[in-house]
Amino acid sequence: PLSDAWALDFVSGAWKSLTIAGDAPSAGGSKRVAVVPGKNIAYLHGGYGVNGASNGDLHRVAYAGDTLTFTKISQSGAPSARALQAFAYDPQTATFWMFGGVGTSPQNDTWSLTIDGDNATWTQHMLDGAPSKRYGFFYAFDAERGRLVVYSGAQAGTMANPVNPARDTWILDVRATPPKWTLVAEGDSVPPGRRNGCFVFDPSGPRMFVFGGTPDAKVSAE
């Protein structure tokens, strides 16, 4: 696993190595980040490292100039360690939301998170009609409407089909009381299922773009 940091200048197209300061996170992949709009800070959660072991660490990262400064956040009532989950921030309520991911097995739990200084408090929401257990899915947060969108992802599978990708799309209304999951599309009305591709949210749509991913566990074209 890697532990370096880089910045891309969109004007020049040049990459630059950054200095890491403070409580540096462990090396690894599939961590999830949620940006706080209007501030040069974000929060980094989970991921996996050596031998694929998941962690449940939470860090705040301040980014300015050529330095990333990390602060490890103390957590109360934290969920199990995991990677490839959804992790998003709702600026209207100053609340983070997390769904699913995989640690020792795939999950489909829903959590909210509030942070006060260097201390974080997690709350699990026992909701009816949640998506199946999954990880490596595509997701986006619509801050204007308070909606977390989840598309596809790997489900618990079999030796013959270890990914077993979901072919559906869900929306979590995080501002409802209680929060509510709704299945909005499934089957042939959505793209073929997949995991671990790229995704980005365009608020002008609003719409989510997805690219790539894999429907199986193969690493070649064979």
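Quick note: structure is the one above.
Q: Give a detailed account of the nonpolar core, specifying residues and quantitative values.
A: Across soluble globular proteins, you tend to see nonpolar side chains buried next to one another. By size, the foremost hydrophobic cluster in this structure holds 27 residues, and its most contacted members are Phe87, Phe96, Leu148 and Trp181. For this core, the elements supplying multiple residues, two or more each, are strand 4 (32-36), strand 9 (86-90), strand 10 (95-102), strand 11 (106-116), strand 12 (119-125), strand 13 (138-142), strand 14 (147-151) and strand 15 (168-173). Ignoring any residue separated from it by four or fewer positions in sequence, one finds Phe96 in contact with Ala34, Val36, Tyr43, Phe87, Ala88, Tyr89, Trp111, Ser112, Leu113 and Ile115. By size, the runner-up hydrophobic cluster in this structure holds seven residues, among which are Ala5, Leu44, Val61 and Phe70.

Q: How would you summarise the pairing of strand 11 if you had to cite specific residues and measurements?
A: Of the strand pairs in this sheet, strand 10 and strand 11 are connected by six bridges, and their pairing is antiparallel. By the bridge assignment, Phe99 is partnered in strand 11 with Thr110. With antiparallel pairing between neighbouring strands as the criterion, strand 10 and strand 11 make up a hairpin whose turn holds three residues. Pairing analysis gives seven bridges linking strand 11 to strand 12, with the strands arranged antiparallel. Paired with Trp111 across the strands is Gln124, a residue of strand 12. Two successive antiparallel strands, strand 11 and strand 12, enclose a turn made up of two residues, where Gly117 displays a positive phi of approximately 65°.

Q: Break down the sheet that holds strand 14 for me, citing the residues and quoting the values.
A: Strand order in this open sheet of four strands is 13-14-15-16, and the pairing throughout is antiparallel. With one partner strand each, in any of the chains shown, strand 13 and strand 16 (180-186) form the two edges of the open sheet. When strand polarity is set aside, the average angle formed by the axes of neighbouring strands in this sheet is 20°. Pairing of strand 15 with strand 16, which is carried by six bridges, proceeds in the antiparallel orientation. Within strand 16, the residue paired with Asp173 across the bridge is Lys180.

Q: I'd like a rundown of the side chain of Ser112, residues and numbers included.
A: Tracing the chain through its elements places Ser112 in strand 11. Since its relative accessible area comes to 10%, Ser112 is described here as buried. A distance of 2.8 Å separates a polar atom in the side chain of Ser112 from a polar atom in the side chain of His125. When neighbours within four sequence positions are excluded, Ser112 is seen to be in contact with Thr95, Phe96, Trp97, Thr121, Trp122, Thr123 and His125.

Q: Go over the pattern of salt bridges, please, and point to the residues and values.
A: Per the stated rule, a full pass over the model turns up eleven salt bridges. The shortest N-O distance in the salt bridge between Asp66 and Lys16 comes to 2.8 Å. A residue pair is termed long-range when its members are at least 10 positions apart, and Asp66 in the loop between strand 6 (58-64) and strand 7 (67-72) and Lys16 in strand 2 (residues 15-17) qualify at 50 residues. Overall, the relative accessible area of 45% leaves Lys16 in the partly exposed class. With a shortest N-O distance of 2.9 Å, Asp202 and Arg207 are connected by a salt bridge. Of the residues examined, Asp202 reaches a relative accessible area of 17% and is grouped as buried. Among the charged side chains, a network of salt bridges with common partners joins Asp142, Glu144, Arg145 and Arg147.

Here is what the cut-offs are and how they apply
Residues numbered from 1 in each chain as written. Predicted model: local features only at pLDDT ≥ 70, side-chain atom pairs only at ≥ 80, totals over all residues. Heavy atoms only, no water. Core = buried A, V, L, I, M, F, W, Y, C linked by side-chain atoms within 4.5 Å. Buried < 20%, exposed > 50% of the residue type's maximum accessible area, 1.4 Å probe, protein only. Helix = DSSP H or I, 4+ residues; strand = E, 2+ residues; numbered from the N terminus. Contact = heavy atoms within 4.5 Å. Pairing = 2+ DSSP bridges. Axes fitted to C-alpha atoms, helices over the stretch in contact; angles between N-to-C directions. Polar contact = N/O pair within 3.5 Å; in protein donor to acceptor, adjacent residues only side chain to side chain. Salt bridge = Lys/Arg side-chain N within 4 Å of Asp/Glu carboxyl O.

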